[in-house]
Each structure stands twice: as C-alpha cells, then as structure tokens.
Amino acid sequence: MIDRKFQSEFGSSPDYKVFAPSRINLIGEHTDYCGGECMPFATSNGTDFFFSSNDSGTLEVYTERFKERHAFALKLSKTRRMSLDWKDYVYGVLFAISDEHKVKGGQIFVRQSIGSAGLASSASFCVGLAKTLCPELSPFDLAKRSWQAERSYVGVKCGIMDQISISLGGGLNLKAKDLSFSSVSLDNSDCQLVILDTLVPRELLSSNYNNRYEEMLEVAEAIGLTRVDSLAGVDRVPQNLRPKLKARLRHVLTECERVKRAAKAIEMREWRVLGFLMNQSHASLRDDYEVSCPELDTIVSLAQAQKGVLGARLTGGGFGGCAIALCQKNSAQSWQKVVEEAYREVFGYNPNIFEANFSQGVKLTRFSSESK
Ligand code: GLA
C-alpha cells in the first residue's frame, strides 16, 4: 500500500516501511544505567518510517509530528553545532552507524503515534531510523548504536532499556549490566495493563534526568566504584553518604530487588503481589528518587484506589508523562471515567487512558511493486 502523503511530499513511492514500537516498563525504573534489572514491554503505538532510496548522497527526512523537512548530508562534519531538536537525533544515528556501514541516501517520511512522554518516543525514533538506514544490523547492534546516538551525541545519559525493548519486542526481564534477559508475558493471565497519560510534557534532555545520573556518579565515586553501572551490585547503602544520595541508592537497590520479586510473582501467577510491588516502586520513585510530579502522583493514587486495580506506578523516566495500572481484565471500563473525572477536578483537563497492547520488535516490510 502506498502512503499517499509520501507521494505528495516526495513525488515517488517508498521501497519499504519500518515500524519501531514504543515501550512501557512494568517495573525497574532508573535501574538500567546503574547496571540493574528492569522489565520493559514493547507496545503497539510507535514510529513508522517510509523509505525510498537513491544515490543523491543526502537523506531527506520529513517528520509529520513537527511538520518539517530537512536534508541531511551523508558526509558528516564533526564540527556540527547541535540544533536542540529532532535533527540532532538523526545526526546521532548517522554518526553511530556510518563508521562501519555505508548509508544510502534517500527520502524518509516519519509518522509517530506515541502520544506523550515516558513511552520512549526518542528511542523508537532512533532504533527505527537505524533499522531503516541499515536493515542488516542485528537487534543488539541496532540497540547499542541507537543508544550511542542518544547518549553520546544528543547527550541524554540514558540506560539501554528502551533500545533493547524496541529492538527485541515482547516483554523482557532484562539485566542491563550484561544484557542477559528472559521473556516475560502477561498472556493467559486475567490481568491487563492500562496506560494513564497525564499529558504533562517532558524531554529527557531538559528534565532532571541527567542530574539523577550525575548523582549516581557521585554515589559511585563516594563508595570507590569507577562505574555507575556497578551500583546495582552494591549490597547495602553505606552510612557515610549524605542523606539525599543514600535515598537515591536505596531506590536503586530496592527497585532491583522488586524486579526480582516481580519476576517470581509473574512465574507464580501472583498478580496481587505484582501489583503491590508496583505500588511500592511508585512510592520509592516519588520519595527516594524524586522523579514523580503532582500529576503522576495524583493519577497513580486515583488508579490504586479503584476496584479491579492491583497496582499502579509511573513508567519511564518520570517528571511528567505516563503511569501504568495493572488491573483485572475488562475492569478498566468501570473505573476509567471515575479516574478521568477526579483528575479533571484537580487539574482542569482529562488525562488520556487506554489499554496497552504489546508488540513485536522493530520490523521492516518491503512493498511489492504491485502494491505501489
Ligand atoms: C528513560 C531512559 C531509560 C531508563 C528510564 C527510567 O526512559 O531512556 O534508559 O533509564 O528512563 O527507568
């Protein structure tokens, strides 16, 4: 099927399409860059890239979200100044892949259906773009290079959870230190996950996300570790840290423990235990790691108070964006309106509440000449 908008933007037809999902993290927040465990699920809203290749030596990208088109020279200049917008992510990916891989020029139409913050829209963009430009990259290579694009080029000190989740798809119990993982699934359970989007915008770069990374760096140095990603292996919070840093480390250590218990709970089909751990995780992110905000705290408490909801917590980096609720299947219809109305009473607008659907990892689909 030809995307008509591609035709009208570029006057040609795409050769193939790449879909990169978004992700929600069931539990294990702000643990990945500390080398700990997390439990991301790839979800069906995501980013589509329609691509037509050519030999022009440039890459023209149109993004529907920003209604902007830009031509990127494939001969990269190391002295480029950052533009502090979506173009930096394109350059980041180009730098991350073009050392070893020859990137073809062409035209790309980007369409993103990820509503708000906290669902890894930038990782979805980077992984999808890397796949579009270098379809031959293995899932791990894709994840690592997209991670490098955000971390080294754009400058967000993120972990690799989002990129791994989006590349591999499904639900994963992931250990960020060595990237070992096992699959996790809520299929055949009588539970479902619901996304509660506060619509509070947040960019990781301009939030306090990097500040939390810097604090963890300080913790690592104070206890004689050379790397932040060794922190999850520490066995207790040392007494000589200042109180704020103690609380930060306490969050990371207790959160890693919760992920282990959550994996057990899923295996044993103890959904109430899983919900309880999610509630504890939110409290720890709010009080010890201080990455929540009034809108997230409100929507989480409202959800936790509903019949049929087993647990709720913020998901992703925090400081705005989305929460998730684990609830009994089909119970959301009975409480969604109640939460919306109570939330509107406090903040004057409705949040966006919808069911999470899971997805496979990033995927390339070629268009046959008949379908063009
Ligand atoms: C963002 C980052 C991830 C992870 C989460 C918090 O999504 O990209 O690497 O740190 O925040 O768990």
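The rules behind the values
- Residues numbered from 1 in each chain as written.
- Predicted model: local features only at pLDDT ≥ 70, side-chain atom pairs only at ≥ 80, totals over all residues.
- Heavy atoms only, no water.
- Helix = DSSP H or I, 4+ residues; strand = E, 2+ residues; numbered from the N terminus.
- Rg over C-alpha atoms; globule rule 2.2 N^0.38 Å.
- Buried < 20%, exposed > 50% of the residue type's maximum accessible area, 1.4 Å probe, protein only.
- Contact = heavy atoms within 4.5 Å.
- Areas by Shrake-Rupley, 256 points an atom, 1.4 Å probe, with all protein chains shown as cover.
- Lys, Arg positive; Asp, Glu negative; His and termini not counted.
- Charge placed at Lys NZ, Arg CZ, Asp CG, Glu CD.
- Pairing = 2+ DSSP bridges.
- Axes fitted to C-alpha atoms, helices over the stretch in contact; angles between N-to-C directions.
- Near = heavy atom within 4 Å.
- Polar contact = N/O pair within 3.5 Å; in protein donor to acceptor, adjacent residues only side chain to side chain.
- 1 Å grid on protein atoms, 1.4 Å probe; cavity = no way out; pocket = protein on both sides within 12 Å on 5 of 7 lines; lining within 4 Å.
- Sits in = over half its atoms within 2 Å of the grid points.
- Domains from an automatic or database assignment.

Chemist: Can you break down the overall build of the protein chain residue by residue, with the values?
Modeler: Scanning the protein chain for helices and strands turns up 10 helices and 13 strands. Here the protein chain has a C-alpha radius of gyration of 21 Å; the compact-globule value for 372 residues is 21 Å, and the two agree. If one aligns the C-alpha atoms of the protein chain with their principal axes, the spans along those axes are about 60 × 50 × 40 Å. The proportion of buried residues among the 372 residues of the protein chain is 56%. For the protein chain, the proportion of contacts with a sequence separation of at least 24, taken over those separated by at least 6, is 73%. A total accessible area of about 16000 Å² is found for the protein chain, and carbon and sulfur atoms account for 48% of it. Where the 46 positive side-chain charges of the protein chain centre and where its 44 negative ones centre are 1 Å apart.

Chemist: Could you give me a rundown of the sheet that holds strand β9 (residues 191–197), with the residues and numbers involved?
Modeler: Pairing in this open sheet of 4 strands is antiparallel, and the strands run β10-β11-β9-β12 from one edge to the other. If you trace the sheet from one side to the other, it starts and ends with β10 (309–314) and β12 (352–355), each paired once. On average, each strand axis in the sheet is tilted by 20° relative to the strand beside it, whichever way the strands run. In this sheet, strand β11 (residues 322–328) lies alongside β9 in antiparallel orientation, the contact comprising 7 bridges. Paired with Asp197 across the strands is Cys322, a residue of β11.

Chemist: Quick rundown of the site of the ligand? Include the residues and the values.
Modeler: The full set close to the ligand counts 13 residues, and Glu29, His30, Asp32, Asp162 and Tyr209 are the nearest of them. One of the side-chain nitrogen or oxygen atoms of Arg23 is found 2.9 Å away from an oxygen atom of the ligand. Between His30 and the ligand, the recorded distance is 2.7 Å, taken from a backbone N or O atom to an oxygen atom. Protein chains shield 98% of the accessible area of the ligand, which is 310 Å² for the free molecule. When atoms are counted within 2 Å of each cavity's grid points, the one that captures over half of the ligand is the largest pocket. Three or more residues apiece are contributed to the shell around the ligand by two domains, here domain 1 (2–184 + 359–366) and domain 2 (191–355).

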